[in-house]
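# What the coordinates show
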Amino acid sequence: MKNKENIWTAIPLFMMVALLVHILSALIFNLTFLSFRMVFFVAGGMLLGTVVAVLLDEKFKNE
């Protein structure tokens, strides 16, 4: 990765993946899409994206 600023795009990408997982699980298990559970999926994606971005940033900072 040449541009280290692109590392921080991991946060919205993980949020979109978490939202997609929520949508698919709602469709598969016949649940309501707009529920309080969606907040936890998006927050979890934000948390994972932040952790990945910070770890990658620290890795490239040492190089």
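Computed from a predicted structure; not experimentally measured. Positions within a chain are numbered from 1, following the residues in the order the chain's sequence is written. It should be noted that, the model being predicted, local features are given only for residues of pLDDT at least 70 and side-chain atom pairs only at 80 or more, the latter also being counted only at that level, while totals for whole chains, interfaces and linings use all residues. Only hydrogens and water are set aside; all other atoms, that is, all heavy atoms of the structure, feed into the side-chain values.

UniProt positions are given in the numbering used here, feature names are shortened, and annotations may be inferred rather than shown by experiment. The UniProt record marks residues 7-29 and 35-56 with the feature "transmembrane region" (unreviewed entry), using the residue numbering of this structure. Elements are defined by DSSP. Helices are runs of H or I of four residues or more, strands are runs of E of two residues or more, and each kind is numbered from the N terminus. Counted over residues 7-29, helix gives 83% and strand 0%. Its end C-alpha atoms are 34 Å apart. Along residues 35-56 the backbone is 91% helical and 0% strand, and the end-to-end C-alpha distance reaches 33 Å.

Along the chain, H22 falls in helix α1 (residues 10-28). Working definition: with a 1.4 Å probe on protein chains only, accessible area under 20% of the residue-type maximum means buried, over 50% means exposed, and in between means partly exposed. On the basis of relative accessible area, H22 is assigned to the buried category, the value being 0%. With 16 residues separating them along the chain, H22 and M38 place their C-alpha atoms 6.5 Å apart. Whether two residues are in contact is decided by their heavy atoms: any pair within 4.5 Å suffices. Those residues in contact with H22 that lie beyond four places of it in its chain are F33, S35, R37, M38 and F41.

All right, on to the pattern of salt bridges then. One side-chain nitrogen of Lys or Arg within 4 Å of one carboxyl oxygen of Asp or Glu is enough to make a salt bridge. The final tally for this structure, using the stated rule, is 2 salt bridges. The residue D57 makes a salt bridge to K61 at a minimum N-O spacing of 3.9 Å. Within this pair, D57 and its partner K61 are both found in helix α2 (residues 37-62), separated by 4 residues, close to a single helical turn. The class for K61 is exposed, based on a relative accessible area of 54%. Of the charged contacts in the structure, one is a salt bridge between E58 and K61, with a shortest N-O distance of 3.6 Å. With E58 and K61 both in helix α2 and 3 residues apart, the pair spans about one turn of that helix.

Moving on, we get to the environment of M15. By the secondary structure assignment, M15 is in helix α1. In the structure, M15 is positioned 34 residues away from G49 in sequence and 7.2 Å away in space, judged by C-alpha atoms. Apart from the residues within four sequence positions on either side, M15 is in contact with V42, G45 and M46.

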